[in-house]
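Each chain, letter by letter, is given below.
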Amino acid sequence: MALENELLVSSAAVFLTSSFWKGLHQRAAFPSQPALNPFVQNVRELLHETTRVSRKLQARLAVGSSEPHRGSSPLQPLNVKQLRQKKGIAERLAPVSVVPLRTLNVHLSQSLKCQLPGRKPAVKARISTSRKSHFHFMAQFSALPIAPIALLLFGLVGILLLTIPSQDVQDAPGFMYGIVLDAGSSHTSLYIYKWPADKQNGTGVVSQHSECSVEGGGISSYAGQVGAAGRSLRACLNRAVEEIPKEKHPNTPVYLGATAGMRLLKMSSPQQSDQVLADVGSEIQSFPFSFRGAVILSGQEEGAYGWVTVNYLLGNFIKYGFVGRWFSSGRATVGALDFGGASTQITFVTQQKVEDEENRKELRLYGHDYSLYTHSFLCYGQDQLLKKLLAQIVKSQGYAPEVNHPCYPANLTRTLKMEDIFDSPCTVHYKPNTYNPQRSLTLRGGGHYENCLGNVSELFSYDGCPFSRCSFDKVFQPKVTGDFMAFSAFYFIHSSLQKVTGVKVSTPLQLEDATKTVCSMNYSQMMSVADKPDRLKDYCASSVFIKALLLRGYGFDDASFPGISFQNTAGDTSVGWALGYMLMLSNLLPAESAGVRKSLTVGAWGMLLFLFIVLLIICVFLLLRARSKKKKGGNENAI
Ligand SMILES: Nc1ncnc2c1ncn2[C@@H]1O[C@H](COP(=O)(O)OP(=O)(O)OP(=O)(O)O)[C@@H](O)[C@H]1O
């Protein structure tokens, strides 16, 4: 045991003397020097001691000799084999005190290299005595894991570079454009939509570029006037030519969708309806865009596309995750309430059985199935309801030339012709058997809420529901569920009502209060607060319509009514069926999950490379600094 101890100590001495000996020796020659750093002092003491022992063992430890060295030659380092033997002894002796001695090993390596050039030093040793705890300290201090940290960072960056899926991304060629002409009953709007050219995969990037309101009435109002409907669109199409970059024109799809006005025209005159569609089609084809057809949407399509628009704009289908993928948003969808000029639509997701196939619409978007309830009430748009109301009132007063209109503001007088009321297919049930279309009719406002409500209620039938439950007019409807967005005339009426009455309308009671208030106002009172004088006369009737439609018709109550959001735009995009229509027809809304991988752009790739190079420089710098510190430390200890 004593011998092993000696050997151990001597091996340590050999390590150290090979690098420190000279310096320490020199130091020892100056004992009067001021107090040394305690660490260096301890090292010195230790080395003195180990050197003393090693001198005794010099012969035995001499290179290539198994015999004790009897001469007085200076200390020799152990050869590799010998050091390995000592290491084995040291490990047996000192299993507890673990001294990585990386630094020491380096010193050893340096000394071996120096003294035995060409020999590969590869020996590690452990030292264990209380004194050698200083070495322990030294070893730990000097062996801060800079290199492993650097390697780790390299590894991380490398892994990042390897695992981030990338693909060559060409410079995005700007935007793609699409045009939809919303040919409504009351007017036509041309919408230009745009989306980044490299994102045609339905990932929520289509936005409204601009809107152009076509002068004049809806295209159905040009029935019988060959070419007129097409010409009415020209100004807006010219604007689209200016707004969309020329090189994009051939790839810009144009869709025209006609709604309730054309549905009514098709019912009364299919030839005229076809003529109007042909007119607008040939007009659009004279422009340099890609014409994709002019069609009449069914009420069910109109409702479903409106629902798609609402939920697309609200981001209810998918959301963009931080890892660069699109995910199902996990959010509930919102129902859509559209109050047009000639029809009104209600569409929402329902878990209940849709008892009438006519009201069922299945959509698969981003890998998710949506079971929709949708219904479009033809003749229940605002303009046609107003006509029906007039017809109902005129009929109820025996078609007299002077009629009291309880929904018009008190003291308002208006004159119109019989044909203005009875020319529509929506008023056919109220039409007298024989009448003179040119006959004048004078209407006098009554401003009477109860009478107005009574007449409006006559327009909705609640009898004879053939299903488990109905909205009105024998139409099946499950109980409304979830939140809704109400747009088009719902929005116009709601905002006018709030403005004119000063009542915030977010509950059924508030709606009733506001409606009563507006119906009791006279024309001049309304004029002082309203901004659309031409529509003032209808504020009361329209307010009563939406009250009757939403509360009694659709069945919204105290719990569900506050969930209705009245709005006409979401962000900068108009809410309506047009956007949903283009998204669906252009395959911008995929049926299956987008699963989109975000490509690494050249900029991002460059930035990553730059970071990698910076990291590399930092690591090299740290490594060099660590090496020079070690050298310094060695020198200091040697001194
Ligand atoms: N700024 C406004 N203020 C009040 N009412 C408006 C305004 N603009 C349009 N309206 C009216 O709102 C109703 C709905 O208009 P919208 O343009 O949505 O219907 P449309 O598309 O012509 O009709 P449909 O979809 O039934 O064919 C119409 O009665 C219209 O007259």
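What counts and how
- Residues numbered from 1 in each chain as written.
- Predicted model: local features only at pLDDT ≥ 70, side-chain atom pairs only at ≥ 80, totals over all residues.
- Heavy atoms only, no water.
- UniProt positions renumbered as here; feature names shortened; annotations may be inferred.
- Phe/Tyr/Trp six-rings, centres within 6.5 Å; stacked < 30°, edge-to-face > 60°.
- Helix = DSSP H or I, 4+ residues; strand = E, 2+ residues; numbered from the N terminus.
- Buried < 20%, exposed > 50% of the residue type's maximum accessible area, 1.4 Å probe, protein only.
- Near = heavy atom within 4 Å.
- Polar contact = N/O pair within 3.5 Å; in protein donor to acceptor, adjacent residues only side chain to side chain.
- Areas by Shrake-Rupley, 256 points an atom, 1.4 Å probe, with all protein chains shown as cover.
- Nonpolar A, V, L, I, M, F, W, Y, C, P; charged D, E, K, R; others polar.
- Domains from an automatic or database assignment.
- Pairing = 2+ DSSP bridges.
- Contact = heavy atoms within 4.5 Å.
- Patch = residues over 30% accessible without salt bridge, like charges linked within 9 Å, V, L, I, M, F, W, Y side chains within 5 Å.
- Salt bridge = Lys/Arg side-chain N within 4 Å of Asp/Glu carboxyl O.
- Arc of directions from axis to C-beta.
- pLDDT = per-residue confidence, 0-100.
- Core = buried A, V, L, I, M, F, W, Y, C linked by side-chain atoms within 4.5 Å.
- Disulfide = S-S within 2.5 Å.
- Axes fitted to C-alpha atoms, helices over the stretch in contact; angles between N-to-C directions.

According to the UniProt record, the Subcellular location (unreviewed entry) comment for the protein is "Membrane".

A. Representation of the packing of aromatic side chains within the structure. Under the definition given, this model contains 26 aromatic pairs. Here F484 and F556 contribute two aromatic rings whose centre-to-centre distance is 5.0 Å and whose plane-to-plane angle is 85°, an arrangement assigned as edge-to-face. Here F484 is found in strand β15 (residues 484-488), whereas its partner F556 is found in the loop between α19 (539-553) and β16 (564-566), with 72 residues between them in sequence. For F484, a relative accessible area of 1% corresponds to the buried category.

B. Focus on the site of the ligand. Close to the ligand lie 19 residues, the nearest being S185, S186, T259, G341 and D383. Note that an oxygen atom of the ligand is positioned 3.2 Å from one of the backbone N or O atoms of S343. The separation between an oxygen atom of the ligand and a polar side-chain atom of D383 is 2.8 Å. Expressed as a share of its isolated accessible area of 630 Å², the protein-covered part of the ligand is 85%. When residues of the shell around the ligand are traced back to their parent elements, those giving at least two are α13 (382-396) and α16 (489-501). Class assignment for the residues of the shell around the ligand results in five nonpolar, 10 polar and four charged. Both domains that meet at the shell around the ligand, namely domain 2 (172-296) and domain 3 (382-566), each give it at least three residues.

C. The pairing of strand β14 (residues 440-445), seen in detail. As paired elements, strand β12 (residues 402-405) and β14 share four bridges and run parallel to each other. Pairing of N404 across the sheet is with R444, part of β14. Sheet topology places strand β13 (residues 413-417) next to β14; five bridges connect them, and they run antiparallel. Following the sheet pairing, T415 is matched in β14 by T442.

D. Representation of the side chain of N455 within the structure. Inspection of the secondary structure puts N455 in helix α15 (residues 449-457). Residue classification places N455 among the buried residues on the basis of a relative accessible area of 14%. Within the structure, N455 has its side chain in polar contact with the side chain of Q392 (distance 3.3 Å). For N455, the contacting residues outside a window of four places in its chain are L389, Q392, I393, S396 and P406.

E. View of a nonpolar patch on the surface. A cluster of nonpolar side chains, M607, F610, L611, V614 and I618, forms an exposed patch at the surface whose accessible area comes to about 460 Å². Its location among the elements puts I618 in helix α21 (residues 602-638).

F. Layout of α15. Listing the buried residues of α15 in full gives Y449, C452, L453, N455 and V456. Looking straight down α15, one finds that the buried residues subtend no more than 165° of arc, so they occupy a single side. Those residues of α15 hidden inside the fold are in contact with α13, α17 (508-520) and α19.

G. Local environment of the confidence of the model for the protein. Overall, the predicted model of the protein reaches an average pLDDT of 79, with 69% of residues at or above 70. Below pLDDT 50 for its whole length, residues 1-36 participates in 73 contacts with residues either more than four positions away or in separate chains. Across the interface, the model reports ipTM at 0.98; the global pTM reads 0.70.

H. Spatial organisation of the environment of N451. Within the fold, N451 resides in helix α15. The exposure class assigned to N451 is partly exposed, which follows from its relative accessible area of 41%. In the structure, N451 is positioned 46 residues away from H405 in sequence and 9.0 Å away in space, judged by C-alpha atoms.

I. The UniProt feature "binding site: ATP" (unreviewed entry) in the protein, seen in detail. As recorded in UniProt, the feature "binding site: ATP" (unreviewed entry) lies at G341, A342, S343, T344 and Q345. Within the element layout of this structure, G341 appears in the loop between β8 (335-339) and β9 (343-349). Residues contacting G341, with those up to four places away along its chain left out, are S185, G381, Q382, D383 and Q384. For A342, the location among the structural elements is in the loop between β8 and β9. Here A342 falls in the buried class, since its relative accessible area comes to 2%. Excluding residues that lie within four positions of it along the chain, A342 makes contacts with S185, A260, G261, L264, F377, L378, C379, Y380, G381 and Q384.

J. Structural detail: the nonpolar core. The biggest cluster of nonpolar side chains holds 68 residues, and the ones touching the most others in it are L337, F490, L550, Y554 and F556. With 10 residues, the top contributor of residues to this core is α19. Leaving out residues up to four positions away in the same chain, L337 has contacts with Q345, I346, F484, M485, A486, F487, F490, L550, Y554, F556 and I564. Of all hydrophobic cores here, the second largest spans 37 residues; its members include Y191, A197, L363 and L372.

K. Focus on the state of the cysteines. Across all of its chains, the model carries five disulfides by this definition. Disulfide pairing is shown between C212 and C236; the S-S distance is 1.9 Å. Handedness here is read from the sign of the S-S torsion; for C212 and C236, about -75°, the answer is left-handed. Remark: C236 occurs in helix α9 (residues 234-243) and C212 occurs in strand β3 (residues 207-213); sequence separation between them is 24 residues. Just as C212 is buried, C236 falls in that class too. What pairs with C407 in a disulfide is C452, and their sulfur atoms sit 2.0 Å apart. Taking the sign of the torsion about the S-S bond as the criterion, the disulfide between C407 and C452, at about 105°, is right-handed. With C407 in the loop between β12 and β13 and C452 in helix α15, this pair connects stretches of sequence that are 45 residues apart. As far as the burial class goes, C407 and C452 line up, both buried. For the protein, the disulfide bridges join cysteines in the arrangement 1-2, 3-5, 4-6, 7-8, 9-10, where the cysteines are counted in sequence order.

L. Geometry of the sheet that holds β16. Sheet architecture is open: six strands sit in the order β10-β11-β9-β8-β15-β16, paired in mixed fashion. Both edges of this open sheet fall to β10 (360-365) and β16, since each of them pairs with a single strand only. The average angle at which neighbouring strand axes cross in this sheet is 20°, direction not considered. Inspection of the sheet shows β8 paired to β15 by five bridges, in the parallel sense. Residue pairing in the sheet places L337 in a bridge with A486 of β15. In this fold helix α10 (residues 260-268) packs onto β9 and β11 (368-378), with an angle of close to 60° to the strand it touches most, β11. This element, helix α12 (residues 299-313), spans β8, β9, β10, β11 and β15 of the sheet and lies at about 55° to β9.

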